[in-house]
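Structural description and commentary
The residues making up each chain are set out below.
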Amino acid sequence: MKILLVSDSHGYDDELKKVLENVKCDLKIHCGDSCFDKNSPFIKEFAAIVDGNHDQGFFPLTATLPTALGNILITHGHRFNVYAGYDYLVDYMNKADIHICFHGHTHVPHYEIYKNKIFINPGSIMFNRGQSQCGSYAIVSVDDKLHVDFFDSRTQKNTPIFNWIKIKIFWMNLNVLLVKNNIISNDVLHFFFFYIQ
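Our subject in this report is the structure included herewith. If you're wondering where the values come from, they're calculated on a predicted model, not measured in any experiment.

Time to look at the overall build of the chain. A count of helices and strands for the chain gives four helices and ten strands. Its helices and strands in sequence order give the chain the pattern β-α-β-β-β-β-α-β-β-β-β-β-α-α, from N to C terminus. Burial statistics for the chain: of 197 residues in total, 49% are counted as buried. Intrachain contacts of the chain at a sequence separation of at least 6 include 48% that bridge at least 24 residues. For the chain, the exposed area adds up to about 10,300 Å²; of that, 54% sits on carbon and sulfur atoms.

Quick look at the structure:
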């Protein structure tokens, strides 16, 4: 299953329309701050839309998507204080027996494995903060495994701006593999990674 994951479009409907028209996928998910009104033609495009802190309150705060890898939590993230980290989300996910979360709010494209949970933030269609100043979205493939690619929302290309994310994804996958198989401890891997940066 190929999922188009967007967030934080903030009423920038021309940018959103361009992505929706050009990306081929099985379903589309919006992680909040769409700023859609109840009559927006975009609503019917999405399998799930959640409420963000700039929305009007008629979308749910969370949704779940059943997949081959189990349910995926969809939320904006503001009610889980994602700027401070993922601990509140981890608690919520543990109670719901969910291991993957799609969220937005920070305007930073991000992929992280934290406390055995996977977090994916597509960034903002409108603009991003930090190292990736352009807008972005993600394509998430979910079958027997998870694969994520991030794209510039203006050019629709997987550009060098996101190479640091690919390096981080590779590192996290290696980390999980080595620790899971008791080849090396998590602490040693983190020390090595930060030492060589």
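Another aspect to go through is the side chain of Ser 40. Position of Ser 40 among the secondary structure elements: in the loop between strand S2 (27-30) and strand S3 (48-49). A polar contact of 3.2 Å, which involves the side chain of Ser 40, links it to the backbone nitrogen of Phe 42.

Take the packing of aromatic side chains next. The full count for this structure, using the stated rule, is seven aromatic pairs. With a centroid separation of 5.7 Å and an interplanar angle of 15 degrees, the aromatic rings of Phe 36 and Phe 42 are classed as stacked. On the basis of relative accessible area, Phe 36 is assigned to the buried category, the value being 2%. Residue classification places Phe 42 among the buried residues on the basis of a relative accessible area of 12%.

The sheet built from five strands is open, its strands ordered S3-S2-S1-S9-S10 with mixed pairing. Each having just a single partner strand, S3 and strand S10 (146-152) make up the two edges of the open sheet. Bridging between strand S1 (residues 2-6) and strand S9 (residues 136-142) involves four bridges; their strand directions are antiparallel. For Lys 2, the partnering residue across the bridge sits in S9 and is Ser 141.

Two side chains with opposite charge may pair up if their charged atoms get near one another. A full pass over the atoms with the stated rule returns four salt bridges. For the salt bridge of Glu 21 with Lys 17, the shortest nitrogen-to-oxygen distance reads 4.0 Å. Taken as a pair, Glu 21 and Lys 17 lie in helix H1 (residues 13-22) at a separation of four residues, close to a single helical turn. In this structure, Lys 115 engages Asp 87 in a salt bridge whose closest nitrogen and oxygen atoms are separated by 3.1 Å. In this pair, Lys 115 sits in the loop between strand S7 (110-114) and strand S8 (117-121) while Asp 87 sits in helix H2 (residues 87-96), placing the two residues 28 residues apart along the sequence.

Per the counting criterion, the structure on display carries zero disulfides. Here Cys 101 stays unpaired: no disulfide links it, and the sulfur of Cys 31, its closest cysteine neighbor, is 7.7 Å away.

On to the sheet that holds S7, then. Read across the sheet, five strands follow the order S4-S5-S6-S8-S7 without closing on themselves; strand pairing throughout is mixed. Looking at strand neighbours, the two that pair on one side only are strand S4 (62-67) and S7, the edges of this open sheet. Put simply, the sheet's adjacent strands are angled 20 degrees from each other on average, direction ignored. Direction of pairing for strand S6 (residues 100-102) relative to S8: parallel, over a ladder of three bridges. Counterpart to Cys 101 in the pairing with S8 is Phe 119. Its contacts with the sheet place H2 against S4, strand S5 (70-75), S6, S7 and S8, and it is angled at close to 125 degrees to S8.

Rules of the game
- Residues numbered from 1 in each chain as written.
- Predicted model: local features only at pLDDT ≥ 70, side-chain atom pairs only at ≥ 80, totals over all residues.
- Heavy atoms only, no water.
- Helix = DSSP H or I, 4+ residues; strand = E, 2+ residues; numbered from the N terminus.
- Buried < 20%, exposed > 50% of the residue type's maximum accessible area, 1.4 Å probe, protein only.
- Contact = heavy atoms within 4.5 Å.
- Areas by Shrake-Rupley, 256 points an atom, 1.4 Å probe, with all protein chains shown as cover.
- Polar contact = N/O pair within 3.5 Å; in protein donor to acceptor, adjacent residues only side chain to side chain.
- Phe/Tyr/Trp six-rings, centres within 6.5 Å; stacked < 30°, edge-to-face > 60°.
- Pairing = 2+ DSSP bridges.
- Salt bridge = Lys/Arg side-chain N within 4 Å of Asp/Glu carboxyl O.
- Disulfide = S-S within 2.5 Å.
- Axes fitted to C-alpha atoms, helices over the stretch in contact; angles between N-to-C directions.

Keep in mind these values describe shape, not function.
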